[in-house]
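Residues per chain, in single letters:
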Amino acid sequence: MTKLIIFTDLHMVPEGTTIIGIDPYQRLANGIAHVNRYHGDADRVIFTGDLAHHGDRVSYERLKTLVDQLGPPAAIMVGNHDRRDVFLDVFTDAVTDDDGFVQQVIDFDDCRAILLDTLFAPPYDYPNSHAGLLCQKRLAWLDRQLADAGDRPVLIFMHHPPHATGFTGMDMIRLVNEVEFYALAKKHGNVRHIFAGHVHRTIGGSCRGIPFSVFKSPVHQQPMPFDAPDPSLSVDEPAAYGIAVVTRDGVLVHTEDYEIACRDAAIA
């Protein structure tokens, strides 16, 4: 059974900087230590974008020192806060496709994982480039990887959710071409689950008949009111990562609030 750990929205910053009083470096360091201790058998640790809060080199270099401490192998993606060229200049071994997008296919014994690059840039024209996009080249690449998978179950990983999640502000900057994406996701009939980040909340359900999971950040979280129009609103809630396990019958998805998790259990 393939086991995957999912971190999203790391928002690394330079040393001495915090986000709403939270230190992203220490939060992620705690998460990586937790994974190494309890999930050292994971087949991959997938980072689904927003690696650095401002896409700067110093933050990517700090992040790399933490990723290098992981026991299981890592696979890294980019999100709307990232700058593709700066990221690739620091993470020189990151996988890209033939067009230079940070996306890849990973085949396991029981599934195929497709990691997408939904960064709507360059140009980095905010707030427009905070939304996600799969251009025609990336859609064509996805089509080829889905076709090549055949009957193998496919898990798709992307930073931006490809549909509305109910949060007004965040839904304005979701994947802008969701209709095209879902046409491909349903075309081959082998997509079993879609994983995303971006929203900084734990969200699960299905869209167009395909199950999906969205995970919280190790740092700041999206406040719960659905009608907040500002996507930058943040609250200090427990840090988390996701756990996905592929079984013979489907996909199991868990969330671990690792900084408040307790393993010393008692009988209730």
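From a predicted model like this one, the values you see are computed outputs, not experimental measurements.

S.K.: Mind showing me how you'd approach the sheet that holds strand β5 (residues 112-115) here?
M.R.: Sheet strands pair by backbone hydrogen bonding; their relative direction is either parallel or antiparallel. Pairing within the open sheet is mixed, and its six strands lie in the order β4-β5-β6-β7-β9-β8. Taken across any chain shown, the strands that pair with only one partner, and hence form the sheet edges, are β4 (104-107) and β8 (203-207). Across this sheet, the average inter-strand angle for adjacent strands is 20°, counted without regard to direction. Bridge analysis of strand β6 (residues 154-157) against strand β7 (residues 191-196) gives four bridges, and the strand direction is parallel. Among the inter-strand pairings, Val154 is bridged to a residue of β7, identified as Val191.

S.K.: Just checking my understanding: could you explain the nonpolar core for this structure?
M.R.: Nonpolar side chains in soluble globular proteins tend to be buried together. In this structure, Phe7, Leu28, Phe47 and Leu51 are the most contacted members of the largest nonpolar core, which totals 32 residues. Setting aside residues no more than four positions away along its own chain, Phe7 makes contact with Leu28, Gly31, Ile32, Val35, Val45, Ile46, Phe47, Thr48, Pro218, Ala240, Tyr241 and Tyr258. Counting 29 residues, the second-largest nonpolar core is a separate cluster that includes Ala149, Met170, Leu175 and Val191.

S.K.: Is there a simple way to think about unusual backbone geometry in this case?
M.R.: With the exception of glycine, the majority of residues adopt a negative phi angle, and the majority of peptide bonds are in the trans configuration. Following Ala121, the chain continues into Pro122 via a peptide bond in cis, with omega recorded as 0°. If you trace the backbone, Pro122 turns up in the loop between β5 and α4 (136-149). Note that the residue after Pro122, namely Pro123, is joined by a cis bond; omega there is 0°. Positioned with a positive phi, His200 is a non-glycine residue whose angle comes to about 60°.

S.K.: Looking at this structure, I do not really get the pairing of β8. What am I missing?
M.R.: Looking down a regular strand, the side chains alternate between one sheet face and the other. Of the strand pairs in this sheet, β8 and strand β9 (residues 210-214) are connected by five bridges, and their pairing is antiparallel. Within the sheet, the bridge partner assigned to Gly205 lies in β9 and is Phe212. Between β8 and β9, which pair antiparallel one after the other, the connecting turn spans two residues, and Arg208 there sits at a positive phi close to 55°.

S.K.: Even after reading the chapter, I still don't get the pairing of strand β11 (residues 251-256), so can you show me in this structure?
M.R.: Pairing of strand β10 (residues 241-246) with β11, which is carried by six bridges, proceeds in the antiparallel orientation. Following the sheet pairing, Val245 is matched in β11 by Leu252.

Calculation notes
Residues numbered from 1 in each chain as written. Predicted model: local features only at pLDDT ≥ 70, side-chain atom pairs only at ≥ 80, totals over all residues. Heavy atoms only, no water. Pairing = 2+ DSSP bridges. Helix = DSSP H or I, 4+ residues; strand = E, 2+ residues; numbered from the N terminus. Axes fitted to C-alpha atoms, helices over the stretch in contact; angles between N-to-C directions. Core = buried A, V, L, I, M, F, W, Y, C linked by side-chain atoms within 4.5 Å. Buried < 20%, exposed > 50% of the residue type's maximum accessible area, 1.4 Å probe, protein only. Contact = heavy atoms within 4.5 Å.

Everything listed here is a matter of coordinates, which is why it stays silent on function.
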